[in-house]
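Each chain, written out:
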Amino acid sequence: MTEKKWQMGESVLDVLIGGMSLLDSKQGLRGSFSGVESIENFVHAYGYDLEDPIEAAELQGTVQEACRFIKRYFLKPENPDGLTIEMPKKISDCQDVRELLQFASSENNQNLRNWACSILKIVHIISHIDRDVRSSYFSDIQKQIFDRFYKYLQRDDQNQLYLGRTADDPLRVNLADFQTKPKKA
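Analysis parameters
- Residues numbered from 1 in each chain as written.
- Predicted model: local features only at pLDDT ≥ 70, side-chain atom pairs only at ≥ 80, totals over all residues.
- Heavy atoms only, no water.
- Helix = DSSP H or I, 4+ residues; strand = E, 2+ residues; numbered from the N terminus.
- Buried < 20%, exposed > 50% of the residue type's maximum accessible area, 1.4 Å probe, protein only.
- Contact = heavy atoms within 4.5 Å.
- Areas by Shrake-Rupley, 256 points an atom, 1.4 Å probe, with all protein chains shown as cover.
- Pairing = 2+ DSSP bridges.
- Disulfide = S-S within 2.5 Å.
- Expected span 1.5 Å × (residues − 1).
- Arc of directions from axis to C-beta.
- Polar contact = N/O pair within 3.5 Å; in protein donor to acceptor, adjacent residues only side chain to side chain.
- Core = buried A, V, L, I, M, F, W, Y, C linked by side-chain atoms within 4.5 Å.
- Axes fitted to C-alpha atoms, helices over the stretch in contact; angles between N-to-C directions.
- Parallel < 35°, antiparallel > 145°, perpendicular 65-115°, else oblique.
- Nonpolar A, V, L, I, M, F, W, Y, C, P; charged D, E, K, R; others polar.
- Phe/Tyr/Trp six-rings, centres within 6.5 Å; stacked < 30°, edge-to-face > 60°.
- Lys NZ or Arg CZ within 6 Å of the ring centre and 35° of its normal.

Brief notes about the overall build of the protein
Phase 1: Scanning the protein from N- to C-terminus turns up 7 helices and 3 strands.
Phase 2: Evaluated residue by residue, the protein yields a buried proportion of 27% over its 185 residues.
Phase 3: Pairs at least 24 residues apart make up 45% of the contacts formed inside the protein by residues separated by at least 6 positions.
Phase 4: Here the protein has roughly 13,500 Å² of accessible surface; of this, 52% comes from carbon and sulfur atoms.

A short note on the sheet that holds strand β3 (residues 173-174)
Phase 1: Ordered by their spatial adjacency, 3 strands build an open sheet running β1-β2-β3, and the pairing between neighbours is antiparallel. Edge positions in the open sheet fall to β1 (153-155) and β3, since each of these has one partner strand only.

A look at unusual backbone geometry
Phase 1: Here the amide bond leading from K76 into P77 is cis, since omega sits at 5°, within 30 degrees of zero.
Phase 2: With respect to the secondary-structure elements, P77 resides in the loop between α3 (53-74) and α4 (89-92).
Phase 3: One non-glycine residue, N159, lies in the positive phi region at around 70°.
Phase 4: Among the secondary structure elements, N159 is positioned in the loop between β1 and β2 (161-163).

Quick notes on the state of the cysteines
Phase 1: By the definition in use, this model includes 0 disulfides.
Phase 2: Residue C94 stays outside any disulfide, its sulfur separated by 7.8 Å from that of C67, the closest cysteine.

Some thoughts on α3
Phase 1: Along its 22 residues, α3 runs 31 Å from first to last C-alpha, staying within 8% of the 32 Å computed at 1.5 Å per residue.
Phase 2: Buried residues of α3: L59, Q60, T62, V63, A66, C67 and I70, and no others. On an axial view of α3, the arc spanned by its buried residues comes to 150°, and they lie on one face. Opposite the packed face of α3, turned more than 90 degrees from it, sit the exposed residues P53, I54, R68 and R72.
Phase 3: One side-chain oxygen at the N-terminal end of α3 lies 2.9 Å from the backbone nitrogen of I54; it belongs to D52.

Side note on the nonpolar core
Phase 1: V43, I91, V97, L100 and I119 are the most contacted members of the largest nonpolar core, which has 28 residues in total.
Phase 2: Secondary structure elements with two or more residues in this core: α2 (36-45), α3, α5 (97-105) and α6 (110-131).
Phase 3: A total of 9 residues in this core trace back to one element, the largest contributor, which is α6.
Phase 4: Here L100 is in contact with V63, I91, C94, A116, I119 and L120, once residues within four sequence places are set aside.

Focus on the packing of α2 against α5
Phase 1: In contact at an axis separation of 10 Å, α2 and α5 are set at 110° when each is read in the N-to-C sense. With respect to α5, the element α2 is oriented roughly perpendicular. Residues I39, E40, F42 and V43 of α2 touch α5, and the partners they reach there are V97, R98, L101 and Q102.
Phase 2: Each residue belonging to the contact of α2 with α5 can be placed in one class, and the counts come to 5 nonpolar, 1 polar and 2 charged.

Some words on the environment of V43
Phase 1: Position of V43 relative to the elements: it lies in helix α2.
Phase 2: Separated by 58 residues in the primary sequence, V43 and L101 place their C-alpha atoms 9.2 Å from one another.
Phase 3: Excluding residues within four positions of it along the chain, V43 makes contact with Y48, L50, L59, V97 and L101.

Quick notes on the packing of aromatic side chains
Phase 1: This structure, assessed with the given rule, holds 4 aromatic pairs.
Phase 2: Taken together, a centroid distance of 5.9 Å and an interplanar angle of 70° make the contact between F69 and F74 edge-to-face.
Phase 3: Ring geometry for F146 versus Y150: centroids 6.2 Å apart, planes at 45°, classification tilted. Remark: Y150 and F146 occur in helix α7 (residues 138-150); sequence separation between them is 4 residues, near one turn of the helix.
Phase 4: Through a chain of ring-to-ring contacts, the aromatic side chains of F69, Y73 and F74 assemble into a single cluster.
Phase 5: The cationic tip of R172 hangs over the ring face of Y162; the distance from NZ or CZ to the ring centre is 4.1 Å.

This is the structure we're talking about:
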C-alpha cells in the first residue's frame, strides 16, 4: 500500500519526468501548498530568501513589473487592442508574493487563481532573465559552441561557402549562408 504522501498526479509526473514547469502543468499550482511554510519553502527553493529585505523587495518589484506588463500589453486602456477586463484589486494590490502564491494554489476562487498564475508565469520569465548566470558569460559560451563549426566553415576558389575540411572533402556541404543568432534582448 502506497502512503498518500507518495501518490502524485499526472501534473506532478509531467514536472518530474517530462521537464515541464509546474506553472505550465495542467494543474498549475492548484492545491500545491498546505500553508505559509510550504509557500516559503517553495520561494526559498526558487532562489529567493524572503528574510533578506533586499531579495524580498526584488521579488516584489518583479511581481509589480509583471502586473504592469499584463496591463500594458494585454488590457485596455493601455493597449487599445487589449481585453476589456480589469485585474482584480486583490491581485494588483498584492504586496506579498506569498499571498499571490496562495491565490494560485487556491481551490476556491478560479478567477484569482488564474490571475495569480498568469502573473507568476511572467515573474518566472523575468526572474530567469534577471538571474540567468549564463548571461554574463554569453559571448564565451557562444564562442565555445560556434568555434566547433567555424573551423569547418570555408570558402573555395569560386567564393562558395561550404562546411568541410577541404574544398574536395567528400562530406562537404555547400551553404548559401551561415548566421548565428545574437543574444535576445
